[in-house]
Amino acid sequence: MKNYDVAVVGAGPVGSTFARHMAEKGYKVAVLEKKREIGVPLQCAGLLGKRIKKVNILPDKFIINPVHGAFLHSPEDTILSVQKDKPEAYVLDRVGYDKFLAQLAEDAGADIFLNQKVEKVDTLRGVIDIKNKENDKISATVVVGADGHASTISEKFNPPVESFQAAQYLVDVGEKRFQKDYVHLYVDSRVAPGFLWVIPLSESTARIGLFADCNYQQLNILLKELIDKRPEIRGSTILKKYYGVIPKYNSQKQLVKDRVLLLGDAASQVKPTTGGGLIMGFTCAEIASRAASQALENENIELLANYPQEYHEEFRKELKAQLMVHKIFKSLTDADLEYMFRKLKEEGAEEIISHYGDMDSQSILIKELLKRGILFSILPKMLSRRISNLWK
Ligand SMILES: Cc1cc2nc3c(=O)[nH]c(=O)nc-3n(C[C@H](O)[C@H](O)[C@H](O)COP(=O)(O)OP(=O)(O)OC[C@H]3O[C@@H](n4cnc5c(N)ncnc54)[C@H](O)[C@@H]3O)c2cc1C
């Protein structure tokens, strides 16, 4: 049985990033990936806030488009248009980027093993059972479950995860219709707290998708309806269809058990408002790598507990604000949403969102809207009070 300092289950973007951090610190790292090829199939809109450049390495070649703004559409198509001078986000070639992150881990010294499905982990001894011809086992002082939303490792000490379903089409509209650096986001009470998106890749092609508490059949109906209804994508040719799962953020999730820790989607580390998981996952990979190296250096596995503690300190406030928005958003009808959009437009919110909006952290914008009394004038008093209590 091979022995490592660290074994990472899952060569997704978060697992590979954690593996690179640990290999760079000089530890012997193994990454076990069940697929034959990293990064496929694509299961992501690839829209990442500008913070990505602070939390991971991102060469320009993986950026398809920088994003300067968004058109936010209400159910009856009242449009809030928001924009920034500098790129607020980037649309990425996620497949290429996942492969690149794995290559970085390998270059730093990690051993990556493809086609190795992990079946079981012994959290106390750090022994991992792999399903391959030899039914190998490996052992590690620290084991990391970065094996995505349906994590085998998480199942060992957490209840089954609750998730949203997501669907995405790659479409061609056959002519130059898109402003490449603007995305379209659509709200609809049938999908809330999820939403629908059109993310241009070029002037004529786009990723269109949604996530919601619906089954795949319903998601397809909603996407087809969007194509029929919205002039920017009407008559699209569907080139490819992708389906995926987005775990629901869960503050109660146990992230460390004995010598095992969870990261990324396996840890339900996704933003409640957008379902985006990469920036939080990369930040947590860094935090976890510090705790894991302290544990290895001091030969004291209990130091792994520093990871959830630091993670909660870093994200508690922002996640609390996002969860509140998420709850309110879920409770609104189409008529409420329409009223809210019209009021926001009347109150000059486009300018405020353009100035204070941040894809990665919405608490600053919410605070500003509260300060100016805009949320109070739109939402029922009780809800506004609940939101303002967040900062008390
Ligand atoms: C349609 C859709 C759109 C999205 N859009 C965005 C977006 O625009 N921006 C954003 O930030 N996030 C987005 N997300 C979320 C984002 O894709 C995830 O948060 C991200 O992929 C999580 O990375 P990860 O490394 O934790 O997990 P994953 O990317 O899921 O990687 C897990 C890896 O573990 C492997 N694995 C699983 N089980 C085992 C096993 N038993 N043994 C060995 N290997 C195993 C898998 O094969 C996989 O390679 C989207 C998700 C969906 C579904």
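Residues numbered from 1 in each chain as written. Predicted model: local features only at pLDDT ≥ 70, side-chain atom pairs only at ≥ 80, totals over all residues. Heavy atoms only, no water.

The next point concerns the overall build of the chain. Helix and strand counts for the chain stand at 12 helices and 18 strands. By its C-alpha atoms, the chain is 65 × 50 × 35 Å across when sized along the principal axes. Classification of the 392 residues of the chain by burial places 56% in the buried group. Looking at the chain alone, contacts between residues at least 24 apart form 72% of all its contacts between residues at least 6 apart. Computing the positive centroid from 55 side-chain charges and the negative centroid from 51, the chain places the two 2 Å apart. (Helix = DSSP H or I, 4+ residues; strand = E, 2+ residues; numbered from the N terminus. Buried < 20%, exposed > 50% of the residue type's maximum accessible area, 1.4 Å probe, protein only. Contact = heavy atoms within 4.5 Å. Lys, Arg positive; Asp, Glu negative; His and termini not counted. Charge placed at Lys NZ, Arg CZ, Asp CG, Glu CD.)

The space that makes up the second largest pocket amounts to roughly 420 Å³. Looking at the second largest pocket, it is lined by 23 residues, and the ones nearest its centre are Glu162, Lys248, Tyr249, Leu323 and His326. Considering every element that reaches the lining of the second largest pocket, the biggest residue donor is helix α7 (residues 306-331), with 5 residues. Here the residues of the lining of the second largest pocket are counted per class, giving 12 nonpolar, 4 polar and 7 charged. (1 Å grid on protein atoms, 1.4 Å probe; cavity = no way out; pocket = protein on both sides within 12 Å on 5 of 7 lines; lining within 4 Å. Points joined across faces, edges and corners; volume = space filled by probe spheres on them. Nonpolar A, V, L, I, M, F, W, Y, C, P; charged D, E, K, R; others polar.)

Omega for the peptide link from Val40 to Pro41 comes to -5°, which places this bond in the cis form. With respect to the helices, strands and loops of the structure, Pro41 is situated in the loop between β2 (29-32) and β3 (47-49). For the bond from Ala192 to Pro193, the omega torsion is 10°, close enough to zero to count as cis. For Pro193, the location among the structural elements is in the loop between β13 (182-186) and β14 (196-200). We note that Asp77 has phi near 70°; this positive angle belongs to a residue other than glycine. Along the chain, Asp77 falls in the loop between β5 (69-73) and β6 (79-83).

Our next topic: the pattern of salt bridges. Per the stated rule, a full pass over the model turns up 19 salt bridges. For the salt bridge of Lys248 with Asp213, the shortest nitrogen-to-oxygen distance reads 3.0 Å. Taken together, the residues span a long stretch of sequence, with Lys248 in the loop between β16 (237-247) and β17 (256-257) and Asp213 in the loop between β15 (205-212) and α5 (216-229) at a distance of 35 residues. Looking at Asp213, the relative accessible area reads 45%, which means it is partly exposed. For Glu286, the salt bridge identified is with Arg290, shortest N-O distance 2.7 Å. With Glu286 and Arg290 both in helix α6 (residues 278-297) and 4 residues apart, the pair spans about one turn of that helix. Take Arg290: its relative accessible area is 28%, and that puts it in the partly exposed class. Taken together, the shared-partner salt bridges in this structure form one network comprising Glu76, Glu338 and Arg342. (Salt bridge = Lys/Arg side-chain N within 4 Å of Asp/Glu carboxyl O.)

Next up on the list: the sheet that holds β13. Pairing within the open sheet is mixed, and its 7 strands lie in the order β6-β5-β13-β14-β15-β12-β16. Strands at the two margins of the open sheet, each flanked by one partner only, are β6 and β16. Going from strand to strand, the sheet's axes swing by 15° on average, the running direction of each strand aside. Direction of pairing for β5 relative to β13: parallel, over a ladder of 5 bridges. Residue pairing across strands places Phe71 opposite His184, the latter belonging to β13. Across the sheet, helix α8 (residues 334-346) lies against β5 and β6, angled at about 50° from β6, the strand it touches most. (Pairing = 2+ DSSP bridges. Axes fitted to C-alpha atoms, helices over the stretch in contact; angles between N-to-C directions.)

Counting across every chain of the model gives 0 disulfides. Here Cys284 stays unpaired: no disulfide links it, and the sulfur of Cys44, its closest cysteine neighbor, is 17 Å away. (Disulfide = S-S within 2.5 Å.)

Right, let's get into the sheet that holds β3. A sheet is described by the order of its strands in space; here 3 strands give the open sequence β3-β7-β4, paired in antiparallel fashion. Looking at the sheet topology across the chains shown, the edges are occupied by β3 and β4 (63-67). Looking at each pair of strands side by side, their axes are set apart by 25° on average, direction ignored.

Time to look at the pairing of strand β10 (residues 127-131). Most of β10 sits inside the fold, with 4 of its 5 residues counted as buried. Where strand β9 (residues 117-122) hands over to β10, the hairpin turn is made up of 4 residues, of which Gly126 adopts a positive phi near 70°. Hairpin connection between β10 and strand β11 (residues 137-145): a loop of 5 residues separates the two successive antiparallel strands, and Asn135 in this loop has a positive phi of roughly 45°.

Here the focus is the domain arrangement of the chain. Many structure descriptions define interface size as the accessible area lost when the parts assemble. Domains assigned within the chain are domain 1 (2-43 + 94-161 + 249-315), domain 2 (166-247) and domain 3 (319-391). Each of domain 1 and domain 3 has a C-alpha centre, and the two are 35 Å apart. Taken together, the contact pairs 9 residues of domain 1 with 8 residues of domain 3. For the pairing of domain 1 and domain 3, the buried interface totals around 820 Å² over both sides, and the portion due to carbon and sulfur atoms is 62%. When the area that domain 1 buries against domain 3 is broken down by residue, the three leading residues are Lys271, Pro272 and Thr273, summing to 59%. (Domains from an automatic or database assignment. Buried area = accessible area lost by both parts, 1.4 Å probe.)

With respect to the element layout, Ala349 can be found in helix α9 (residues 349-356). C-alpha of Ala349 to C-alpha of Ile374: the two residues are 25 residues apart in sequence and 8.2 Å apart in space.

Within the structure, the ligand sits among 34 residues, and Glu33, Ala45, Leu47, Val118 and Asp265 are positioned closest to it. Measuring from an oxygen atom of the ligand, one finds a backbone N or O atom of Pro13 at 3.4 Å. Take Lys34: an N or O atom from its main chain is 3.1 Å from a nitrogen atom of the ligand. If the ligand stood free it would expose 1,000 Å²; the protein chains cover 90% of that surface. (Near = heavy atom within 4 Å. Polar contact = N/O pair within 3.5 Å; in protein donor to acceptor, adjacent residues only side chain to side chain. Areas by Shrake-Rupley, 256 points an atom, 1.4 Å probe, with all protein chains shown as cover.)

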